[in-house]
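# A structural walkthrough
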Amino acid sequence: MKLGIVGLPNVGKSTLFNSLTKAGAESANYPFCTIDPNVGIVAVPDQRLKVLGDLYHTEKIVPAAIEFVDIAGLVRGASKGEGLGNQFLSHIREVDAIVHVVRCFEDTNVIHVDGSVNPLRDIETINLELVFSDLDIIERRISRTAKGAKNDKALAKELALQERLKAHLEEGTLAKTFQTEDDEEAALFADYNLLTAKPVIYAANVQDSDLADDGVNNEYVQLVRKFAEQEASEVFVICAQIEQEIAELEEDEKKMFLEDLGLNESGLEKLIKASYHILGLISYLTAGPKETRAWTIKVGTKAPQAAGKIHSDFERGFIRAEIVNYNALIECGNFNAAKDKGLVRSEGKEYVVQDGDVVLFRFNV
């Protein structure tokens, strides 16, 4: 999973990236301090892995991972080359979802690029730049498609789609609200990889005093939540500065620090939940003496395709999957005890893998 972190300059974007990845991206109180996109790989916290690792006396634990890309602060006119320009928009095209950091706090010591705090205006600024960038992509597509559309019915149909999409974007609306007419159009639309078609998670960056009640009494957060609800996006409340402090602590200290703030999970955990939910992802588990591991799959994935995440041979030669629910396995104490109680199931090619399934695949190639 790859997430791109975007937002206006000085909204806490690079501070958040630092806290998530401990990668040390430069953070400063002026625009464009991040000259190149920073990339960091983050392990997905999953307590189940440690418990399974202890149960199997495993040599190696491999969690699922998320790749974060920190994009330099965009400003009004970025799609036309303002600020650091649209070179950074190309980096967003490679991500699965966009994490849009929105400033929801007042602080006279931190400059706002537009002179005042207004999260909805900030969201609109970024969205318009993404729309303009998508328009540029579609206009270039139209130019290419039009050349052959007169003598090719398939190209003529695609040209009609592109022109409808262009008109949609010219109204300032996001590509995610565009309606395709059939499966063929849907496949073409997906191939365009438009920025405004990607799922969005809003990170409402607040002061630490707003964390305990999850921003309920912060009017800026409420505005963001209402906006996100209308476009079926996710929102989580975070204090980027606090997250950076948490990132420096050991696990035991981290837990105490969160408790002192009245919190039961970190911003990273909130973000991971939001990203898994909006992308429709779950994790199944494999465990043994050599390795215990989490595998990320789409909701609705059947057993052979889930096996293919491990190796293509597993999918090609799939015979069956032996499955036990994580909670049942831990309650029984070991795999054989769970099997004796009839809690280990043998599932075939049509089985849809569930979150928390501990799986042993049987295959032959």
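Just so you know, these numbers come straight off a predicted model, no measurement behind them. (Residues numbered from 1 in each chain as written. Predicted model: local features only at pLDDT ≥ 70, side-chain atom pairs only at ≥ 80, totals over all residues. Heavy atoms only, no water.)

## Re the confidence of the model for the chain
Defined as follows: On a scale of 0 to 100, pLDDT captures the predictor's confidence in every residue. Labels follow the DSSP assignment, with helices taken as runs of H or I lasting at least four residues and strands as runs of E lasting at least two, numbered in each case from the N terminus. We call two residues contacting when some pair of their heavy atoms lies within 4.5 Å.
Confidence in the prediction for the chain averages 87 pLDDT; 90% of positions are at 70 or higher. When the elements of the chain are averaged for pLDDT, helix α3 (residues 89-92) gives the smallest value, 68, and helix α11 (residues 303-308) the largest, 97. In the model, residues 28-35 has pLDDT below 50 throughout and makes 23 contacts with residues more than four positions away in sequence or in other chains.

## Some remarks on the pattern of salt bridges
Note the following rule: Basic side-chain nitrogens of Lys or Arg form a salt bridge, by our definition, when they fall within 4 Å of a carboxyl oxygen of Asp or Glu.
Under the definition given, this model contains 24 salt bridges. Among the salt bridges present, the one from E322 reaches R320, with a minimum N-O distance of 3.4 Å. In this structure, a network of salt bridges that share partners links the residues D46, R48 and D355.

## Quick notes on the environment of A328
Position of A328 relative to the elements: it lies in helix α13 (residues 326-332). Put simply, A328 and V358 are 30 residues apart on the chain and 9.9 Å apart in space, counted from C-alpha to C-alpha.

## Looking at the packing of helix α4 (residues 119-149) against helix α5 (residues 153-170)
Definition in use: Axis geometry follows a simple rule: fit a line to the C-alpha atoms, using only the stretch in contact for helices, then measure angles between N-to-C directions, giving values from 0 to 180 degrees. Put simply, angles under 35 degrees are roughly parallel, angles over 145 are roughly antiparallel, angles from 65 to 115 are roughly perpendicular, and the rest are oblique. The sense of a crossing depends on the near helix, which, turned anticlockwise from the far helix by less than a right angle, makes the crossing left-handed and, turned clockwise, makes it right-handed. When residues are grouped by polarity, Ala, Val, Leu, Ile, Met, Phe, Trp, Tyr, Cys and Pro land in nonpolar, Asp, Glu, Lys and Arg in charged, and all others, Gly among them, in polar.
For the pair α4 and α5, the least separation of the axes is 9 Å and the interaxial angle reads 155°. One element, α4, and the other, α5, form an angle in the roughly antiparallel class. For the crossing formed where α4 meets α5, the hand is left-handed. Residues V131, D134, L135, I138, E139, R141, I142, T145, A146, G148 and A149 of α4 touch α5, and the partners they reach there are L155, A156, E158, L159, Q162, E163, L165, K166, L169 and E170. Taken together, the residues that form the contact of α4 with α5 break down as 11 nonpolar, 3 polar and 7 charged.

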